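The chain contents come next:
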Amino acid sequence: MSSFFVVSKQYEELARDEIISISKSYDGTSKVTVLPRLVMVSSKVPWRTIAKRATFARHAGIIAGTFDDVSKLEGITMSRPETFVCRTINLSSKSVGSSLERQAGAILAKRWNSKVSLSNPQVTVYLIITDSKNYLGYADSQVMPLHPKKLVKHPHEIDIKLARCMVNLSGLKEGKTLCDPFCGTGTILLEAESMGISSIGIDFDKIMCKITKKNLAANGFGSTVINSGFEEIKNVMGEIDGIVTDLPYGISSRASVSPKKLLEDFISVIPKRKKLVMVYKKGLEVDQISKAKKYEIYRHKSLTRVIAVT
Ligand SMILES: C[S@@+](CC[C@H](N)C(=O)[O-])C[C@H]1O[C@@H](n2cnc3c(N)ncnc32)[C@H](O)[C@@H]1O
């Protein structure tokens, strides 16, 4: 069965790779088809499993078939709902009028002997228009990621959506363990735990460790938090399956080294075979990660961040 995911325009490449990474972590044989803003996954993974995790998926569901002519809608494989609504998602370069939804609604209502319900449909039928093909998809509910509570915040914290996306890019799933050796307020640990991934946080700032513990406790998560320098990761390497982290992007008052030297020192303690997803300020690139897959996140004129996946 094929699932579809319509992704946000803002971080399209990141969004696409996030979905691919989640799918492959559950089923290594997943086949993925990518079109502009549309990812289709043919695998054993239920679409909800992916949609619950994927930060940047806007709409998701099952592909029921393709169509050329909306007045025919032949070869569409989906069972009859009591009530439904049709929604057009135009991902093509042409403009598509609202009459398409009405036409498809009338045809399907007649075929199924079902009622159109705009306010409380049992099923949403998606007419996904692309420049190459038109797809008919459906979903019986909207599934969105549920972010954990963040009791204590901090100006330097990472955006929850990016944190979740980075955890997803690590390819870890339930039952695995990650470490964030620069955990700050614990955003990455929270997102990981909320997806059933255990986590270990390290931060050399005692106050940050206290904040992280409060944030974890507020959600009932029992991650280990260690008040130490990032080098402590060497002592937990045997317990972890991957590293997801957000490096300092300025010189902290407590650190004597530059952010670039810190990045170099950090990478030098990570074994090559360990999965590493990290975000740092653009311009700090070091040789050791020249081959990493990189995504740029523009924040403002003087801050672009880079997510690197090795
Ligand atoms: C950019 S912040 C992380 C923010 C975090 N992702 C959040 O959402 O709150 C970087 C963190 O690294 C910590 N840090 C800086 N140098 C460190 C070192 N050498 N070892 C461990 N932690 C360090 C800082 O105390 C800070 O909390």
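Residues numbered from 1 in each chain as written. Predicted model: local features only at pLDDT ≥ 70, side-chain atom pairs only at ≥ 80, totals over all residues. Heavy atoms only, no water.

On inspection of all chains with the given rule, the structure shows 12 salt bridges. Where Arg16 meets Asp17, a salt bridge forms, and the shortest distance between an N and an O atom there is 3.2 Å. For Arg16, a relative accessible area of 27% puts it in the partly exposed group. By relative accessible area, Asp17 is classed as buried at 13%. Residue Glu157 pairs with Lys150 through a salt bridge whose shortest N-O separation is 2.7 Å. Under the relative-accessibility criterion, Lys150 is labelled buried at 16%. (Salt bridge = Lys/Arg side-chain N within 4 Å of Asp/Glu carboxyl O. Buried < 20%, exposed > 50% of the residue type's maximum accessible area, 1.4 Å probe, protein only.)

Pairing in this open sheet of 8 strands is mixed, and the strands run β2-β3-β1-β4-β8-β7-β5-β6 from one edge to the other. Where the open sheet ends on each side, the last strands, each with one partner, are β2 (31–35) and β6 (115–116). Sheet topology note: the strand β4 (residues 57–67)/strand β8 (residues 134–139) ladder contains 5 bridges and is antiparallel. Within β8, the residue paired with Gly65 across the bridge is Leu136. Set on the sheet, helix α3 (residues 99–112) makes contact with β5 (83–90), β6 and β7 (123–129); between it and β5 the angle comes to about 150°. (Pairing = 2+ DSSP bridges. Helix = DSSP H or I, 4+ residues; strand = E, 2+ residues; numbered from the N terminus. Contact = heavy atoms within 4.5 Å. Axes fitted to C-alpha atoms, helices over the stretch in contact; angles between N-to-C directions.)

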